[in-house]
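Coordinate analysis (summary)
Now for the letters of each chain:
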Amino acid sequence: MALAPVLFASNILMARAVADLVPPVALAIGRWGIAALLLLPVAAKPLWRARRAVRRELFDLFVLGVLGMVVCGAVVYIGAQTTTATNIGLIYAASPVFIIVLARIFYGEVMSRMQALGVALCLVGVVTIIVRGEIGVLLGLTFTIGDLYILGCSFAWAVYTVLMRHRRSALGATPRFTALTIAGVAALLPLLFIEAAVVGTPRLDGFTLGVMLFLAIVPGLGAYQTYDFVQRRLGANRASLLMYLIPVYNAGLAWALLGEALRLYHFIGAAMVLPGIYLATRRASP
């Protein structure tokens, strides 16, 4: 749980750095196309042996690929072009709530009162960081079309998380992820042609390929596989709490890499988020 958020946070930082250099769909398809190529040497034989299961699960794989690689990939990059980092953090803080509600309604996952307290504590801590310790900042927030994109991404991530946890699959973790990655790339291809016709294609130089390789390995394979590992052991509800750590990690990475100052509200927020995650992920007493 400590590792996955920093991997996810690296995606946000890199996306900001190259927003004016690489179109969003091209960035997403480069990220997941390279990820699929890196996975295939390991997953090709298991996928071929399980080809009947792949055919049976084709619809699930396509839906998960669209949710995880198109909506939570390209659409996030598109939304980030017309909204602020503050708004993205605030809106994405809702995803654990969506996950808890969906898992409870459709699959009966329950949460104890102590765990619910931990969720609330995490949410307050995240909002404290986002508004910089000043409640008045909430009143001054404005919303754009990008915010609607990010809200859709937040909900899509919740659906992806719950389905990954509860939809049964005959495939192992790595072959399944490889298959849905390929499905996501296939779904991105029509969007890539549209984007190329409207804004042009990116320059495939060493810098662009390096960015795509980083996104494929770190916030791609690393983040998604780590999140899946946590989720299979803790369940959708408790694993979703690591999303609350992303704004905390973002603040630390921005300080370390971009020279942004750490303020008192960062530490106050972290002091609520970390114990909140402990309370929300600990097993209830019998």
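Our subject is the structure that appears above.
This write-up is about the structure you can find in this document.

Rules used in this analysis
- Residues numbered from 1 in each chain as written.
- Predicted model: local features only at pLDDT ≥ 70, side-chain atom pairs only at ≥ 80, totals over all residues.
- Heavy atoms only, no water.
- Core = buried A, V, L, I, M, F, W, Y, C linked by side-chain atoms within 4.5 Å.
- Buried < 20%, exposed > 50% of the residue type's maximum accessible area, 1.4 Å probe, protein only.
- Contact = heavy atoms within 4.5 Å.
- Salt bridge = Lys/Arg side-chain N within 4 Å of Asp/Glu carboxyl O.
- Helix = DSSP H or I, 4+ residues; strand = E, 2+ residues; numbered from the N terminus.
- Phe/Tyr/Trp six-rings, centres within 6.5 Å; stacked < 30°, edge-to-face > 60°.
- Disulfide = S-S within 2.5 Å.
- Expected span 1.5 Å × (residues − 1).

Counting residues in each nonpolar core, the largest one holds 79 residues, and the members touching the most others are Phe8, Leu27, Trp157, Tyr160, Phe177, Leu180 and Tyr224. Setting aside residues no more than four positions away along its own chain, Leu180 makes contact with Leu61, Leu64, Gly65, Met69, Tyr160 and Met164.

What follows is about the pattern of salt bridges. Side chains that differ in sign of charge can pair as their charged atoms come close. Tallying each qualifying case throughout the model produces three salt bridges. One salt bridge connects Arg167 with Asp60, and the closest N-O pair in it is separated by 3.0 Å. Taken together, the positions of Arg167 in the loop between α9 (145-166) and α10 (173-199) and Asp60 in helix α4 (residues 58-79) put the pair 107 residues apart, joining distant regions of the chain. According to the relative accessible area criterion, Asp60 is buried, its value standing at 17%.

The tally for this structure, following the rule as stated, stands at eleven aromatic pairs. Measuring from ring centre to ring centre gives 5.4 Å for Phe98 and Phe155, while their planes differ by 80 degrees; the resulting arrangement is edge-to-face. Here Phe98 is found in helix α6 (residues 95-107), whereas its partner Phe155 is found in helix α9, with 57 residues between them in sequence. A residue is classified by how much of its surface remains accessible, and Phe155, at 40% relative accessible area, is partly exposed. Measuring from ring centre to ring centre gives 5.9 Å for Phe177 and Tyr224, while their planes differ by 45 degrees; the resulting arrangement is tilted. Placement of Phe177 in helix α10 and of Tyr224 in helix α11 (residues 206-239) is noted, with a sequence separation of 47 residues between them. Each member of the pair, Phe177 as well as Tyr224, carries the same accessibility label: buried. Pairwise contacts between aromatic rings join Phe8, Trp32, Trp157, Tyr160, Phe177, Tyr224 and Tyr227 into one cluster.

Looking now at the state of the cysteines. Taken as a whole and judged by the stated rule, the model has zero disulfides. In this structure Cys72 is not part of a disulfide, and its nearest cysteine sulfur, from Cys153, lies 5.7 Å away. Residue Cys72 is classed as buried on the basis of its relative accessible area of 6%.

Before going further, it helps to examine the environment of Ala50. Note that Ala50 resides in the loop between α2 (24-49) and α3 (51-56). With relative accessibility at 17%, the residue Ala50 sits in the buried group. Sequence separation of Ala50 and Leu171 is 121 residues, and the distance between their C-alpha atoms is 7.0 Å.

Looking at the element boundaries, Tyr249 is found in helix α12 (residues 245-258). The spacing of Tyr249 and Ala9 is 240 residues in sequence and 6.7 Å in space, taken between C-alpha atoms.

With that settled, the discussion passes to α10. Relative to the 39 Å expected for 27 residues at 1.5 Å per residue, α10 spans 37 Å between its end C-alpha atoms, a close match to the ideal helical length. Backbone geometry just after α10 places Gly200 at a positive phi near 95 degrees.

All right, on to the environment of Met1 then. Its place among the elements puts Met1 in the segment before α1 (4-17). What makes Met1 partly exposed here is its relative accessible area of 25%. Expressed as a C-alpha distance, the spacing of Met1 and Leu241, which sit 240 residues apart in the sequence, is 8.6 Å.

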